[in-house]
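Residue-level structural notes
Spelled out from the first residue to the last, the chains are:
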Protein chains: 2
Amino acid sequence: MSITDVAAPSFVEKLSAAKAASTVLATLTADRKNAALRAVAGALLAAESRIVEANERDLAAAREAGLSASLRDRLRLDGDRLASLAAATELVATLVDPVGETVRGRVLPNGLRLDQIRVPFGVVGAIYEARPNVTVDIAALALKSGNAAVLRGGSAALHTNAVLVEVLQEALVASGLPAHAVVTIDEFGREGATSLMTAREHVDVLVPRGSAELIRTVVRESSVPVIETGAGVVHVFLDESAELEMSVDIVLDAKTTRPSVCNALETLLVHEAAAPRLLPPVIAALQAAGVTVHGDERTRSLADGVVAATEADWAAEYMSLDLAVAVVPDLDAATAHIARWSTHHTESIVTNDHAAAERFLAEVDSAVVMVNASTRFTDGGEFGFGAEVGISTQKLHARGPMGLGELTSSKWVVRGSGQVRG
Amino acid sequence: MSITDVAAPSFVEKLSAAKAASTVLATLTADRKNAALRAVAGALLAAESRIVEANERDLAAAREAGLSASLRDRLRLDGDRLASLAAATELVATLVDPVGETVRGRVLPNGLRLDQIRVPFGVVGAIYEARPNVTVDIAALALKSGNAAVLRGGSAALHTNAVLVEVLQEALVASGLPAHAVVTIDEFGREGATSLMTAREHVDVLVPRGSAELIRTVVRESSVPVIETGAGVVHVFLDESAELEMSVDIVLDAKTTRPSVCNALETLLVHEAAAPRLLPPVIAALQAAGVTVHGDERTRSLADGVVAATEADWAAEYMSLDLAVAVVPDLDAATAHIARWSTHHTESIVTNDHAAAERFLAEVDSAVVMVNASTRFTDGGEFGFGAEVGISTQKLHARGPMGLGELTSSKWVVRGSGQVRG
């Protein structure tokens, strides 16, 4: 739909249509939703040329506007990536439907039967950057969990997202579902995004996805409840009793297997009694893997080729092959460092000391706390959720990796036979 | 502490102290917290004269300022009410501690042991009106759930709250707990309330308690996540098959046993096929109980003494012995009326038709949906929670009556033996 189309629905009309669609989605069986998801997967593959063509328009505009190669890479949606998206959508169809699950239930002394069951939120709003895969990803997860989705993607992906939403809507309608189960508000620009953040009448929850700056803005501006997925300044602490081989394995895995993701290691803390034993081989292994180590004075006294760390390094989410390293006097100093600098995403201790492990797990206030494991395990797939909505770093509603269940609310169902309180 | 005390801590100092106290509270055993709660209960009774004296100063100021009798009644804290508060605090000590409860847990295929456990939020902020009982109530619930509490009460209760917090802090310190586990920011006035709503560094969740206007303001202004406890425009629908005696019992119980609370009935809907049979006796019973019935045209044609309802009646949360009544063609019209006018708190259907009951339970999107039961059962105590934090009408985090568990977040604990993702 063209932005200049005089008959185009208004912002409020679109949101109202999504709200109306959400009441239909809320009571669909999993079979109906899964059939629609498979139809979406098929439609994405069938519309490859339309989608890729729209994406090439966005890419050309991005080049003209001077977007960096990495931003253009995020924006790109070619045949292979589209096939992956279709496969991911098929996968969502195989997951267990969270809607209707009984969270808890009992019979009250007066005979009332009480059940708390999972229900969809209703309308999920998403605000994200110019990554068109998010459009399909969020739409599929919302649909499976019985929610309508209102999407606001980055303006650089305008044409791609418009075609993707068209294709999604065609597949929904072909499956007998309301078209407005998925809508885009991209045509309303920044004003649309701002309006979405205060559209409490129409939107039940907002999920921002993207940079720390984007998320901060949405948190600050929204009166609609937000599920915050945040940055990961992730720590590993090598305790006095840490085994050398395990330390090397975990630090290497956490730092180097995918440095650009939020569960990658950013700061390594080492107990001073173990530093001379552990740090030289750990740093040698890191450097052999291409990691630039930014160390405090004591770290630099124990290994060569270490850049001097400044305070900015303790706060850095490098998302690259860089690592901050500090030697600390004890466990208390390690947890104090973490309390000061962590984004409360994931922290891990490597230790063979039971009491130290339990203290670390109890005292570190992060979404995921680990002993003797790589921080890279903080992931919906690894946790067995099948799909991941994101990793929440807030404490309300969801914390840590979110699966489909975290895209639901609940409802209390009370079945009586005429009970009154009197 | 006097507002003019030059050595008084600043707003940020107070919030930082509460945050520091929260880290101590987070790992306390239930025994320690229960002992502190019992000490608080004892201290409240021991400080009766101090508390009542402060309250009398507030009451005198309220009379002078021309506050209504009902507002002054809310503000009053006499010996009897103080004894009830102490008893309620003792009761909180008897409840099961939610902290440390395993929500779910499993061993992953790679041998990682994964447990999601309940942990305190950290710092709970409360913004409420001039009801000093809320000060003690929130402080006790926060303490039991391992949270520090930052309190902002109505300015009319300034002196009472100041003394209550002093007494609470004395009891905490006597129990070996940090004084700043409970702090008031009343001395910072409106500016303090505004700052609290954006204090994301120090406050993990905000719970507004009071009028719809207060709650709307907090939701609009806060960047701190809010748990919204909302108004109750509560409906009962008498279906075609509703039994007369059950209809009368449930409607009377829901409307008349405590009309000023949020789970009280505000609008009665009646199936047109049952209206001639049910409405005359139901309305007669209501009128005999002193209820003013505001009815639509068809209701007025079936009973005498019914005031003509206007559209405002469908939106009204009367909180008084008034009731709106409408005759509707069928179940669909009933659920459509509810979708339009309800605040999504509690709705109940009276029916003997299984399919109608199940449709109502599935299609009505409210925190609590009922069949053949009084809406007055929407209550933490009735649900078996022991204490009630409030009734959430939002969909994020908590929905419906909230117990101590709803004052907690969760944390994922991962125990490994050197696992890496590779």
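Per chain, residues are indexed from 1 in the order of the written sequence. To label them, take the chains in the order written and letter them from A, then take the ligands in the order written and number them from 1. pLDDT decides what is reported in this predicted model: residues at 70 or higher carry local features, side-chain atom pairs at 80 or more are listed and counted, and totals for whole chains, interfaces and linings draw on all residues regardless. Side-chain measures were taken over the full set of non-hydrogen atoms in the model, leaving aside hydrogen atoms and water.

1. Considering the pairing of strand S2 (residues 113-120) of chain A
All names here are of chain A. Our working definition: Remark: exposure states derive from per-residue accessible area (1.4 Å probe, protein chains only) relative to the maximum for the residue type, with buried under 20%, exposed over 50%, and partly exposed in between. Secondary structure is summarised from DSSP: a helix means a run of H or I of at least four residues, a strand means a run of E of at least two, and numbering begins at the N terminus for each. In this scheme, strands are said to pair when DSSP sees at least two bridges between them.
Across the eight residues of S2, six count as buried, placing the element largely inside the fold. Judged from the five bridges that link them, strand S1 (residues 102-107) and S2 form a sheet pairing that is antiparallel. Paired with Gly105 across the bridge in S2 is Asp115.

2. Considerations on the UniProt feature "domain: Aldehyde dehydrogenase" (unreviewed entry) in chain A
How we decide: UniProt positions are given in the numbering used here, feature names are shortened, and annotations may be inferred rather than shown by experiment.
What UniProt calls "domain: Aldehyde dehydrogenase" (unreviewed entry) maps, in this numbering, to residues 14-294 of chain A. Here residues 14-294 of chain A runs as 52% helix and 17% strand, with 50 Å between its end C-alpha atoms.

3. Some words on the relation of the copies chain B and chain A
For the record, the criterion: The copies were overlaid by least squares, fitting only the C-alpha atoms of residues that reach a pLDDT of 70 or more in each copy. When checking whether two residues touch, look at their non-hydrogen atoms; a contact exists if any pair is within 4.5 Å.
The transformation that overlays chain B on chain A combines an axial shift of 0.0 Å with a rotation of 180°, and the residual RMSD is 0.0 Å. What the superposition gives is, in effect, a two-fold axis relating one chain to the other. Taking the C-alpha atom as reference, chain B places His397 of chain B closest to the rotation axis, 1.8 Å from it. A high fraction, 100%, of the interface residues of chain B reappear at the interface in chain A, so the copies pair face to face through one surface.

4. What about the pairing of strand S9 (residues 292-295) of chain B?
Residues and elements named next belong to chain B. We count it as follows: Look down the strands so they point away from you; if going from the first strand over the helix to the second traces a clockwise path, that crossover is right-handed.
In terms of strand pairing, S9 meets strand S11 (residues 322-328) through four bridges, oriented parallel. In the strand pairing of S11, Gly295 is matched with Val325. Sheet topology places S9 next to strand S10 (residues 307-308); two bridges connect them, and they run parallel. For His294, the partnering residue across the bridge sits in S10 and is Val307. For the segment spanning S9, helix H12 (residues 297-302) and S10, crossover handedness is right-handed.

5. As for the nonpolar core
Soluble globular proteins tend to bury their nonpolar side chains together. Selection criterion: Buried Ala, Val, Leu, Ile, Met, Phe, Trp, Tyr and Cys residues that are joined via side-chain atoms within 4.5 Å together make up what is termed a nonpolar core.
Ile51 and Leu196 of chain A together with Ile51 and Leu196 of chain B are the most contacted members of the largest nonpolar core, which has 142 residues in total. If sequence neighbours within four positions are ignored, Leu196 of chain B has contacts with Phe11, Leu15, Ala126, Ile127, Val150, Arg152, Ile185, Val203, Leu206 and Val224 of chain B.

6. Here's the deal with the pattern of salt bridges
As a reminder of what qualifies: Any Lys or Arg side-chain nitrogen located within 4 Å of an Asp or Glu carboxyl oxygen qualifies as a salt bridge.
The tally for this structure, following the rule as stated, stands at 50 salt bridges over all chains. The salt bridge partner of Lys14 of chain A is Glu187 of chain A, with a shortest N-O separation of 2.7 Å. Taken together, the residues span a long stretch of sequence, with Lys14 of chain A in helix H1 (residues 11-26) and Glu187 of chain A in the loop between strand S5 (182-184) and helix H8 (189-196) at a distance of 173 residues. Residue Glu221 of chain A is joined to Arg220 of chain A by a salt bridge in which the shortest nitrogen-to-oxygen separation is 3.5 Å. Owing to a relative accessible area of 40%, Glu221 of chain A belongs among the partly exposed residues under this scheme. Through salt bridges that share partners, Lys19 and Asp204 of chain A together with Asp365, Lys395 and Arg399 of chain B make up one connected network.

7. Topic: the interface of chain B and chain A
Interfaces are frequently sized by the accessible area removed from exposure as the parts join. Keep this limit in mind: A quick way to say it: buried area is the sum, across both parts, of accessible area lost when two parts are put together, with a 1.4 Å probe. As used in this structure description, the phrase polar contact means that two N or O atoms lie within 3.5 Å; if the pair is within protein, one of them must be able to donate a hydrogen and the other to accept it, and residues adjacent in sequence are counted only when both atoms belong to side chains. Residues are sorted three ways: Asp, Glu, Lys and Arg are charged, Ala, Val, Leu, Ile, Met, Phe, Trp, Tyr, Cys and Pro are nonpolar, and all the rest, Gly among them, are polar.
Tallying the contact residues gives 70 residues for chain B and 70 residues for chain A. For the pairing of chain B and chain A, the buried interface totals around 5500 Å² over both sides, and the portion due to carbon and sulfur atoms is 54%. Summed over the three residues of chain B that lose the most area to chain A, namely Leu396, Trp412 and Arg421 of chain B, the buried surface amounts to 15% of that side. For the pair chain B and chain A, the number of links is twelve salt bridges. For Lys395 of chain A, the salt bridge goes to Asp204 of chain B, with nearest N and O atoms at 3.5 Å. Where chain B meets chain A, there are 47 residue pairs in polar contact (both at pLDDT 80 or more). Those elements that place two or more of their residues in the side of chain B that touches chain A are strand S1 (102-107), strand S2 (113-120), helix H9 (212-221), helix H10 (244-256), helix H15 (354-363), strand S13 (368-373), strand S15 (400-402) and strand S16 (408-419) of chain B. Ranked by residue count, the leading element in the side of chain B that touches chain A is S16 of chain B, at eleven residues. In the side of chain B that touches chain A, the residues fall into 30 nonpolar, 21 polar and 19 charged. Judged from the five bridges that link them, strand S16 (residues 408-419) of chain A and S13 of chain B form a sheet pairing that is parallel. Its bridge partner lying in S13 of chain B, Val414 of chain A is registered against Met370 of chain B.

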